[in-house]
Amino acid sequence: MFLSKKSKMQKIIVILGPTASGKSNVAVSLAKKFNGEIISADSRQVYKGLDIGTGKITKKEMKGVKHHLLDVTSPKKRFSAADFKILSTEAIVKIVNKNKTPIICGGTGFYIDALLGDKQIPEVPPNEKLRKQLEKKSVGELLEILKKLDPERAENIDAKNPRRLIRAIEICKTIGKVPLFNPEKQNFSGQANLKYEVLKIGIKMEEKELKSRINKRLEKRIEQGMIIEAKKLHTQGLTYKRMRELGLEYRALADSLDNKISKKVMIERLQKEIWHYAKRQMTWFKRDKNIIWLPSKISLVEKEVKKFL
């Protein structure tokens, strides 16, 4: 267990960055070297069966390192940032009790912020009347509503995901913007936020290289059976509506399998949408001045981690 001598706060390492930047490999290398276990911070890898489409790390790639928050729920169910905060906090306690180092790895910035206390998660119950009204609107109309209510959230949300847009509007209509963490106050669930001493390392990459990696990885996923995976999920009862709600790859896969678009159009659309998603991730992360940006060269990352620990 690594504790800060000054503060006695639990030390946590965070490896973050855009999709396809190589975060997982870096996190595994660090876990092997510094006796760590990894907590995945990915809003879709929590779902069972969403493996190829989300680029979920394989057993071989884990190299024996224990990973938490993968495959924790059915894709038919909803999983929120509040759920993530609860389960990831429990995982940190388990890791620390084994005298190991918690390493958070992922690209869902909202989840990382929620866990570390940089964002509070409002416990807003569903407003069915409002939801029915909003469900009649297009994604474009929903996005415009959100822009007026919370421009910052609108800038970083999956703008083509009606479920997330509706939920964000629902929260804004109830309490206003999602507030930044105030250490003097308690969170919405009435519990004091846990205090951590955190090292955040962002994996940086030139835009041209990142775009190339995104396209190559998409090709590889299709070869590995991403379309077959989606078909299987549908035969197991995952509706096309719910598949679309899961966003990105699964939204496009649902449209293709539902004969709304061709395979060629699906691939072209995904190349654009995944790239736009990567840019939204970078916009989110760039607001955090505590992130140390490094290339995915493991020796440079290890040097920073060694200093921190």
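Check the entry above for the structure.
So, here's what we can say about the structure. Treat the numbers as computed from the prediction; the structure is a model and nothing was measured. (Residues numbered from 1 in each chain as written. Predicted model: local features only at pLDDT ≥ 70, side-chain atom pairs only at ≥ 80, totals over all residues. Heavy atoms only, no water.)

## Thoughts on the packing of aromatic side chains
1) Next: Per the counting criterion, the structure on display carries three aromatic pairs.
2) Next: Aromatic pair F84 and Y111: ring centres 4.8 Å apart, planes at 25°, arrangement stacked. Of the two residues, F84 is situated in helix α3 (residues 81–97) and Y111 in helix α4 (residues 109–116); the sequence distance between them amounts to 27 residues.
3) Next: Assessed through its relative accessible area of 0%, F84 is described here as buried.
4) Next: Judged by centre distance (5.9 Å) and plane angle (70°), the rings of F110 and W284 are edge-to-face. Here W284 lies in helix α13 (residues 263–286) and F110 lies in helix α4, a separation of 174 residues in the sequence. Residue F110 shares its accessibility class with W284, and that shared class is buried. (Phe/Tyr/Trp six-rings, centres within 6.5 Å; stacked < 30°, edge-to-face > 60°. Helix = DSSP H or I, 4+ residues; strand = E, 2+ residues; numbered from the N terminus. Buried < 20%, exposed > 50% of the residue type's maximum accessible area, 1.4 Å probe, protein only.)

## Description of unusual backbone geometry
1) Next: Located in the positive-phi region is L69, a residue other than glycine, with phi close to 70°.
2) Next: By the secondary structure assignment, L69 is in the loop between β3 (67–68) and α3.
3) Next: A relative accessible area of 7% places L69 in the buried class.
4) Next: Not every positive phi belongs to a glycine, and L248 is a case in point at roughly 40°.
5) Next: Within the element layout of this structure, L248 appears in helix α12 (residues 248–257).

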